[in-house]
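# A look at the structure
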Amino acid sequence: MTIVDLSLGTVLLTLVGGGCIGLAASYLLAAEGRMAGISGILAGALQPRPEGWRLRFLAGLVAGGFVLLLLSPQTVSTPLSMSLGGVVVAGLMVGFGTRMGGGCTSGHGVCGLPRFSLRSLVATLTFMAAATVSTSVVLHLL
Amino acid sequence: MHAFLAGLLFAVGLGLAGMTNPDTVQGFFDVFGTWNPQLALVMVGAIAVNLVAFPKILGRSRRAKAHVQGLPSQSRIDRRLVVGSALFGLGWGAVGVCPGPAIVSVGGGTTLAFVGAMMVGMWVHRRFFEGALS
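Residues numbered from 1 in each chain as written. Chains lettered and ligands numbered in written order. Predicted model: local features only at pLDDT ≥ 70, side-chain atom pairs only at ≥ 80, totals over all residues. Heavy atoms only, no water.

## Focus: the pattern of salt bridges
Residues and elements named next belong to chain A. For the coordinates displayed, the defined rule picks out 3 salt bridges over all chains. For Arg54, the salt bridge is made with Glu51, and the minimal N-O distance between the two is 2.6 Å. Looking at Arg54, the relative accessible area reads 10%, which means it is buried. Overall, the relative accessible area of 36% leaves Glu51 in the partly exposed class. Look at the salt bridges and you will find they share partners, linking Arg34, Glu51 and Arg54 into a network. (Salt bridge = Lys/Arg side-chain N within 4 Å of Asp/Glu carboxyl O. Buried < 20%, exposed > 50% of the residue type's maximum accessible area, 1.4 Å probe, protein only.)

The following block contains the structure:
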């Protein structure tokens, strides 16, 4: 079940974490001239002969996971609560849906909203609303 | 090296912000349970930085500007955008991980299966839908 901790420390850490995400996106734009849309970067990396920066960015994400595991293991140790079958179906929907919709939380939310992209605003509101529906069904009806 | 460091910083940011914990993410969508606004704070932090930094970067880097101008325009709000985003959101809310956090915690439990399925979903879209719909 969800434990809500809204102490000042958590609020500040969350804002700082969000700031790091923004900095990382700005850094990628400044250094490589690309948007940090993770689903798009992954999809591009699955193509034949992918561009090197995509692989390096993804390697950085995985390396960051190991850094978190070493320094703060509780941040990456909560298992998914769904059965394996459910996880696979959800993964298929996320992979297919992000390609059809042209982006995920990072591409449309973190990068699209600060560019005042109406397209990204529509996408963000849509996936947030849909996630509210599925979370509510999974937590309260199943 | 820059792209690697950007990925590393992105991952650490997700971890600090609690976004690699699926329970925290689902807490934001659990409006009928104990609502947890943490995800909104993460977006505020990230968007605030980019609101300031993006215009400066786009003003200086011709390459970044050319890339951004090549992105789909504001006007392309079509059925694909809405249906695709809805499918993504349904999957995201069901398990509590979107592509970024999934890749960051790929070593843990069934998350590996999630990432594998996500790649298959991307491949299916490219193989069977990209040409037909565009």
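## Digging into the interface of chain B and chain A
In this complex, chain B contributes 99 residues to the contact, which on the side of chain A involves 103 residues. Buried area between chain B and chain A, summed over both chains or domains, comes out near 9,100 Å², and the portion from carbon and sulfur atoms is 76%. Taken together, chain B and chain A are joined by 0 salt bridges. Put simply, chain B and chain A have 18 residue pairs in polar contact (both at pLDDT 80 or more) between them. Looking at the side of chain B that touches chain A, the elements with two or more residues in it are α1 (2-16), α2 (22-29), α3 (38-60), α4 (62-69), α5 (79-95), α6 (99-104) and α7 (111-133) of chain B. Here the side of chain B that touches chain A is built from residues that sort into 64 nonpolar, 28 polar and 7 charged. (Contact = heavy atoms within 4.5 Å. Buried area = accessible area lost by both parts, 1.4 Å probe. Polar contact = N/O pair within 3.5 Å; in protein donor to acceptor, adjacent residues only side chain to side chain. Helix = DSSP H or I, 4+ residues; strand = E, 2+ residues; numbered from the N terminus. Nonpolar A, V, L, I, M, F, W, Y, C, P; charged D, E, K, R; others polar.)

## Let's talk about a nonpolar patch on the surface
A grouping of Leu118(A), Leu121(A), Leu125(A), Ile77(B) and Val82(B) is seen on the molecular surface, where their side chains present a nonpolar patch of about 400 Å² in accessible area. Looking at the nonpolar patch, the element that brings in the most residues is helix α6 (residues 118-141) of chain A, giving 3 residues. Positionally, Leu118(A) belongs in helix α6. Exposure remark for Leu118(A): the relative accessible area of 44% places this residue in the partly exposed category. (Patch = residues over 30% accessible without salt bridge, like charges linked within 9 Å, V, L, I, M, F, W, Y side chains within 5 Å. Areas by Shrake-Rupley, 256 points an atom, 1.4 Å probe, with all protein chains shown as cover.)

## Thoughts on the layout of surface pockets
In this model, the largest pocket occupies a volume close to 970 Å³. Every residue lining the largest pocket is counted, 40 residues in all, and those nearest its centre are Gly40(A), Arg99(A), Gly102(A), Gly103(A) and Leu71(B). Of all elements in the fold, only α2 (38-45), α3 (52-71), α4 (84-101), α5 (105-112) and α6 of chain A together with α5 and α7 of chain B reach the threshold of two or more residues within the lining of the largest pocket. When the residues that make up the lining of the largest pocket are grouped by side-chain class, the tally is 13 nonpolar, 17 polar and 10 charged. (1 Å grid on protein atoms, 1.4 Å probe; cavity = no way out; pocket = protein on both sides within 12 Å on 5 of 7 lines; lining within 4 Å. Points joined across faces, edges and corners; volume = space filled by probe spheres on them.)

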